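What follows is the residue order along each chain.
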Amino acid sequence: MEFQNILIQVDGHVATIRLNRPKVLNALNGQTMDELCQALDRFEADPEVRVVVLTGDDRAFAAGADIGEFAGVTPVGMLEGPRGKRWERIRAFPKPLIAAVSGYCLGGGCELAMACDIIVASETARFGQPEINLGILPGAGGTQRLPRAVGKHRAMEMILTGRHITAQQAYEWGLVNRVVPPEALLDEAYTLAREIASKAPVAVRLAKAAVLKSLDTPLEVGLDYERRLFALAFGTEDKEEGVRAFLEKRKPVFQGR
Ligand code: CAA
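Residues numbered from 1 in each chain as written. Predicted model: local features only at pLDDT ≥ 70, side-chain atom pairs only at ≥ 80, totals over all residues. Heavy atoms only, no water.

A.B. asks: Help me get a handle on the site of the ligand, residues and values and all.
C.D. replies: Around the ligand, 23 residues are found, and the nearest of them are Ala 63, Ala 65, Gly 108, Glu 111 and Glu 131. A distance of 2.9 Å separates a nitrogen atom of the ligand from a polar atom in the backbone of Ala 63. For the ligand, a nitrogen atom lies 3.0 Å from a polar atom in the backbone of Ile 67. Within the complex, 64% of the 970 Å² of free accessible area of the ligand lies under protein. Of all the elements in the fold, those that place two or more residues in the shell around the ligand are strand E6 (104-106) and helix H4 (108-115). Here the residues of the shell around the ligand are counted per class, giving 13 nonpolar, four polar and six charged. (Near = heavy atom within 4 Å. Polar contact = N/O pair within 3.5 Å; in protein donor to acceptor, adjacent residues only side chain to side chain. Areas by Shrake-Rupley, 256 points an atom, 1.4 Å probe, with all protein chains shown as cover. Helix = DSSP H or I, 4+ residues; strand = E, 2+ residues; numbered from the N terminus. Nonpolar A, V, L, I, M, F, W, Y, C, P; charged D, E, K, R; others polar.)

A.B. asks: So what about the sheet that holds strand E9 (residues 164-166)? Which residues, and what values?
C.D. replies: The four strands are arranged E4-E6-E8-E9 in an open sheet whose pairing can be described as mixed. In the strand order of this sheet, the two ends are held by strand E4 (60-62) and E9, each with one partner. For this sheet, the mean angle separating the axes of adjacent strands, direction not counted, is 20°. With three bridges joining them, E6 and strand E8 (residues 126-128) adopt parallel strand pairing. Each residue of the ladder has a partner; that of Cys 105, found in E8, is Phe 127. Against the sheet, H4 contacts E4, E6 and E8, and its axis sits at roughly 90° relative to E6. (Pairing = 2+ DSSP bridges. Axes fitted to C-alpha atoms, helices over the stretch in contact; angles between N-to-C directions. Contact = heavy atoms within 4.5 Å.)

A.B. asks: So, helix H6 (residues 152-161): which residues are in play, and what are the values?
C.D. replies: Those residues of H6 not exposed but buried are Ala 155, Met 158 and Ile 159. End-on view of H6: buried residues confined to an arc of 90°, all on one side of the axis. Exposed and facing more than 90 degrees away from the buried side of H6 are His 153 and Leu 160. Residues of H6 that are buried make contact with E8, helix H5 (142-150) and E9. The positive-phi residue at the C-terminal boundary of H6 is Gly 162, with phi of around 75°. (Buried < 20%, exposed > 50% of the residue type's maximum accessible area, 1.4 Å probe, protein only. Arc of directions from axis to C-beta.)

A.B. asks: Residues and numbers for helix H11 (residues 237-247), please.
C.D. replies: For H11, every residue scored as buried is listed here: Asp 238, Glu 241 and Ala 245. End-on view of H11: buried residues confined to an arc of 60°, all on one side of the axis. Opposite the buried face of H11, by more than 90 degrees, sit the exposed residues Phe 246 and Leu 247. On its buried face, H11 sits against helix H9 (201-214).

A.B. asks: A description of the pairing of strand E5 (residues 97-101) should follow, citing residues and the corresponding values.
C.D. replies: The buried fraction of E5 amounts to five of the five residues, a majority that puts the element mostly inside the structure. Side-chain alternation along E5 places Leu 97, Ala 99 and Val 101 on one buried face and Ile 98 and Ala 100 on a second face that is also buried. Sheet topology places strand E3 (residues 51-55) next to E5; four bridges connect them, and they run parallel. From the neighbouring strand, Val 52 faces E5, where its bridge partner is Leu 97. Note that E5 and strand E7 (residues 118-122) share four bridges and pair parallel. Among the inter-strand pairings, Ala 99 is bridged to a residue of E7, identified as Ile 119.

A.B. asks: Tell me about the packing of helix H1 (residues 30-45) against helix H3 (residues 83-91), and please be specific about residues and values.
C.D. replies: Contact geometry of H1 with H3 gives a least axis separation of 10 Å together with a crossing angle of 35°. The way H1 lies across H3 gives a crossing that is left-handed. Judged by residue contacts, Gly 30, Met 33, Asp 34, Leu 36, Cys 37, Leu 40, Asp 41 and Glu 44 of H1 engage Arg 86, Trp 87, Arg 89 and Ile 90 from H3. Of the residues contributing to the contact of H1 with H3, the split by class is six nonpolar, one polar and five charged. (Left-handed = near helix turned anticlockwise from the far one by under 90°.)

A.B. asks: Give me the lowdown on a nonpolar patch on the surface, citing residues and values where you can.
C.D. replies: Nonpolar side chains collect at one region of the surface, where Ile 67, Leu 134 and Ile 136 lie side by side and expose about 250 Å² of accessible area between them. Mapped onto the elements, Leu 134 comes out in the loop between E8 and H5. The class of Leu 134 is partly exposed, set by a relative accessible area of 45%. (Patch = residues over 30% accessible without salt bridge, like charges linked within 9 Å, V, L, I, M, F, W, Y side chains within 5 Å. Salt bridge = Lys/Arg side-chain N within 4 Å of Asp/Glu carboxyl O.)

A.B. asks: An account of the pattern of salt bridges is needed here, citing residue identities and associated values.
C.D. replies: The final tally for this structure, using the stated rule, is 13 salt bridges. A salt bridge links Arg 89 to Glu 44; its shortest N-O distance comes to 2.5 Å. Of this pair, Arg 89 sits in helix H3 while Glu 44 sits in helix H1, and the two are 45 residues apart along the sequence. By relative accessible area, which is 15% here, Arg 89 ends up buried. The partner of Arg 178 in a salt bridge is Glu 188, and the shortest N-O contact between them spans 3.1 Å. Residue Arg 178 is located in strand E10 (residues 178-180), and its partner Glu 188 is located in helix H8 (residues 185-197); the two are separated by 10 residues in the primary sequence.

What follows is the structure, encoded as structure tokens:
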């Protein structure tokens, strides 16, 4: 499959998607988003792929939606266009997504990182929702995921002022998992990815689904959902292997079944 705006690779059980429009700081135009969705389709269908790392380059993870595509767009065009489906596709990706963020991570770029499950940031990373400066507001989850990550008041400040925050600030506010020197960014992301990829893949997917459910359901519903997924995991061969390996004092070998 040929892509123009992203680069993909698979190494063992870990796939990488690299946003690759460096001249425009990886601005997320429609084609880039389509390619990203196609890559996710492919990695979802590939049982060898267990975890996906999403990254950009040193200067930018992504500086947001491609502003050039906004001129002249009407409300109906915006509502009925393909944007919603693309973001929904990312949200529904069932395997863990790790964002490795260096440089600008703004607007749709920040929303893309927040749609991932874990965010590793380089010391150079800058996060922000600057849409207010364009006379619009975040439109790909920023007003919903940012308050869940950093709390209402901090999210309000970022969204209403459009100011960027540093990687360190993002860490202190709970937006990112860790901050590392730029040269260690991918190593850190891959270490996490490989560790997760060594676990039982079905249990990993169920656990991701259960954690995501906690963000949009009342506790009682979430607990019920968790109980059902927990029971489901008892139908896997990997559960038998994991329990047997523990009892036999050896490392489990998971098959993803
Ligand atoms: N869309 C299109 N092009 C972009 C872009 C974007 N979001 N961000 C940067 N670029 C382009 C610039 O136009 C410039 O292109 P030229 O060289 O052809 O002029 C190139 O990338 C480099 O950018 P700058 O020269 O501006 O670089 P800088 O270092 O001076 O500034 C920046 C970097 C602060 C990130 C600045 O580029 C900027 O403010 N970008 C826009 C950020 C933004 O507003 N993002 C939100 C977009 S809306 C959105 O994302 C909606 C949503 O919720 C989905």
